[in-house]
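# Summary of the model geometry
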Amino acid sequence: MLKLCLLTAFFGHLLCWYCDCLITYTPDGRFSAKMLNDNEQLSELFMDMPLKRPMRSIMLGVFALIMSFCGFLALSEWMRQFSSVYAVIMLIGAVVFTTCVIPHHVICGLVEWLYIKLGRTDDARKAVLDFFKKTSATMIVCYTGLLIFSVAFFIAVFTGTTTLPKWACIFNTLPLFLIISPFKVAGSGNIVNAAMFLALAVLI
């Protein structure tokens, strides 16, 4: 059952990575946060972007993130046999992350959909940017939850609390993200989480 949950999370994060790509890459190029300050550049980027892509990202992403929760929950329960303290901390982090990452993902797709739907004007840009800033708490809280989970899991493995070898601590969101971040890959968070769950499905 544990391996099944970990593999479910692996496929969930792969699906969510696809959802990230749907709203990051347009027919006219790749979106960059720097473009938010230049509506002319932003409008040109989304000129040929079909509305169905951000909507598809929103809908599929919700199911993908629910799938990923199976893995976080399974790891938290697996940790309980070694340390109830680490298990509880990981569970809290997982619940906080999943509870807030779902609305954050929806918001990311929604602001893009609204910007296109409202005609890609500068007023539309200002409106969606203001909406995103005022709902940024979901992003801050969800990544805080993920950090809590990752740090607790890393320490537990690195200190030998679990039966995993100490070197397996590398298969963790935090170190994997630090390795991949310089390459600025779209959806890097989902890539590293997918890699973590796949590796742990093999090791555990």
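In this report, the structure presented in the accompanying data block is examined. Since the model is a prediction, treat every value here as computed from it, not as a measurement.

So, on to the state of the cysteines. According to the stated counting rule, one finds zero disulfides in the structure shown. Cys 16 supplies the cysteine sulfur nearest to Cys 19, a cysteine that is in no disulfide, at a spacing of 5.5 Å. For the unlinked cysteine Cys 100, the closest cysteine sulfur is that of Cys 142, found at 6.6 Å.

Okay, unusual backbone geometry next. One non-glycine residue, Arg 120, adopts positive backbone phi at about 60°. With respect to the element layout, Arg 120 can be found in the loop between helix H4 (84-117) and helix H5 (122-134). For Lys 184, which is not glycine, the phi torsion reads 50° and is therefore positive. Residue position: Lys 184 is located in the loop between helix H7 (173-180) and helix H8 (188-203).

Attention now moves to the nonpolar core. Within the largest apolar cluster, 35 residues are counted, with the highest numbers of intra-cluster contacts made by Phe 72, Leu 75, Phe 153 and Phe 197. Secondary structure elements with two or more residues in this core: helix H1 (2-24), helix H3 (52-79), H4, helix H6 (137-158), H7 and H8. Other than its neighbours up to four places away in sequence, Phe 153 contacts Leu 75, Trp 78, Met 79, Met 90, Leu 164, Phe 171, Asn 172 and Leu 200.

The next subject is a nonpolar patch on the surface. Together, Leu 147, Val 151, Ile 155, Leu 174, Phe 177 and Leu 178 make up an exposed nonpolar region whose accessible area comes to about 480 Å². Mapped onto the nonpolar patch, the elements with two or more residues apiece are H6 and H7. As for its placement among the helices and strands, Ile 155 is situated in helix H6. Classification of Ile 155 by relative accessible area gives partly exposed; the value is 34%.

As a further point, take H7. Of the positions making up H7, those classed as buried are Thr 173, Pro 175, Leu 176 and Ile 180. By the N-cap criterion, in which a side-chain oxygen at the helix start approaches the backbone nitrogen of a residue two or three places on, H7 is capped by Asn 172, the distance to Leu 174 being 3.0 Å.

What counts and how
- One numbering rule holds for all chains: residues counted from 1, following each sequence as written.
- Local features in this predicted model are restricted to residues of pLDDT 70 or higher, and side-chain atom pairs are both shown and tallied only at a pLDDT of 80 or more, whereas totals for entire chains, interfaces and linings draw on every residue.
- No hydrogens and no water enter the side-chain calculation; it runs on all heavy atoms of the structure.
- The rule for a disulfide is simple: a pair of cysteine sulfur atoms within 2.5 Å.
- Working definition: helices are DSSP H or I runs of at least four residues, strands are E runs of at least two. Numbering for both runs from the N terminus.
- We call a set of buried residues a nonpolar core when its members are Ala, Val, Leu, Ile, Met, Phe, Trp, Tyr or Cys and they connect through side-chain atoms within 4.5 Å of each other.
- Only protein chains enter the area calculation, which uses a 1.4 Å probe; residues under 20% of their type maximum are buried, those over 50% are exposed, and those in between are partly exposed.
- Residue contacts are counted whenever heavy atoms from the two residues lie within 4.5 Å of one another.
- Nonpolar side chains (Val, Leu, Ile, Met, Phe, Trp, Tyr) within 5 Å and like charges within 9 Å form the patches, drawn only from residues with over 30% relative accessible area and no salt bridge.
- Surface accessibility follows the Shrake-Rupley procedure with a 1.4 Å probe radius. Residue values consider only the protein chains on display as shielding.
- Should a side-chain nitrogen of Lys or Arg be within 4 Å of a carboxyl oxygen of Asp or Glu, the pair is scored as a salt bridge.
- Between N or O atoms, a polar contact is any pair within 3.5 Å; within protein, one atom must be a potential hydrogen donor and the other a potential acceptor, and residues adjacent in sequence are included only when both atoms are from side chains.

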